[in-house]
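Report on the structure
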Amino acid sequence: MKVDVEYLEFMWPMRHFLITCGDIADRPNIITLSFCMPVSKRPPLLACAIGRGAYSYKLITGTREFVVNVAPSELRKETYYCGFYTGYDVDKFKETGLTPKPARAVKVPIIDECVAHMECKVRQEIEAGDKTLIVGEVVEAYADEAVVKGERKVEFARSSFPRKKYGTRFGVT
Ligand SMILES: Cc1cc2nc3c(=O)[nH]c(=O)nc-3n(C[C@H](O)[C@H](O)[C@H](O)COP(=O)(O)O)c2cc1C
């Protein structure tokens, strides 16, 4: 027998990425995203689905640059903070203590405590329901050497289906 489910339920567990945006010299911001995926190898493109009400949406569509930072599970507290608070109200770098460092090819900072970084330039925006799919070309990608060489084992930030928070099928928000 098959039973109805919330469509998202069996797409979890999902990884959580910390996306940085805004100019390093002008109060940059961090947003936690799970809806982030690779879409093309040549050219290297990835897509992030971002709610249009997010401060990060405003910054990314303004500067047309962002960085996908890969968070290890130790950054759980910071990952949730950046997913629950908005840059309209708080300076997330200041509040979390995460360290902004200059990126290689974009003005957006990377998060030093993350283990890998994909610097992106926005190539396409596609409205998709309550989100906009931001397609970015990866112009630089690099990671901690110890992680690349397998000398440091990393568990990536991720979680299971947040049953209480989501539930579009049943009208729960
Ligand atoms: C684990 C987790 C995953 C999230 N994934 C997404 C996502 O994929 N897309 C999105 O628009 N918001 C997502 N959010 C919500 C945003 O991170 C949240 O709205 C944030 O406060 C927006 O920050 P900003 O206004 O500073 O940009 C997620 C939150 C959490 C905690």
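Please read these numbers as outputs of a predicted model, since none were measured by experiment.

1. Thoughts on the overall build of the protein chain
Each helix and strand in the protein chain was counted, giving 4 helices and 11 strands. Here the C-alpha atoms of the protein chain give a radius of gyration of 16 Å, agreeing with the 16 Å that 2.2 N^0.38 yields for 173 residues. Scored against the burial criterion, the 173 residues of the protein chain give a buried share of 42%. Just so you have it, the protein chain exposes about 10100 Å², and 53% of that area is on carbon and sulfur atoms. Both charge centroids of the protein chain, one from 26 positive and one from 23 negative side chains, sit 4 Å from each other.

2. Concerning the pairing of strand S10 (residues 131-143)
In terms of strand pairing, strand S5 (residues 45-51) meets S10 through 7 bridges, oriented antiparallel. Bridge assignment links Leu46 to a residue of S10, and that residue is Gly136. Pairing geometry for strand S9 (residues 116-128) and S10, over 12 bridges, is antiparallel. In the strand pairing of S10, Ala128 is matched with Lys131. Taken together, S9 and the strand that follows it, S10, pair antiparallel across an intervening segment of 2 residues, in which Gly129 is found at a positive phi of about 60 degrees.

How each quantity is defined
Residues numbered from 1 in each chain as written. Predicted model: local features only at pLDDT ≥ 70, side-chain atom pairs only at ≥ 80, totals over all residues. Heavy atoms only, no water. Helix = DSSP H or I, 4+ residues; strand = E, 2+ residues; numbered from the N terminus. Rg over C-alpha atoms; globule rule 2.2 N^0.38 Å. Buried < 20%, exposed > 50% of the residue type's maximum accessible area, 1.4 Å probe, protein only. Areas by Shrake-Rupley, 256 points an atom, 1.4 Å probe, with all protein chains shown as cover. Lys, Arg positive; Asp, Glu negative; His and termini not counted. Charge placed at Lys NZ, Arg CZ, Asp CG, Glu CD. Pairing = 2+ DSSP bridges.

Nothing here speaks to function; it is geometry throughout.
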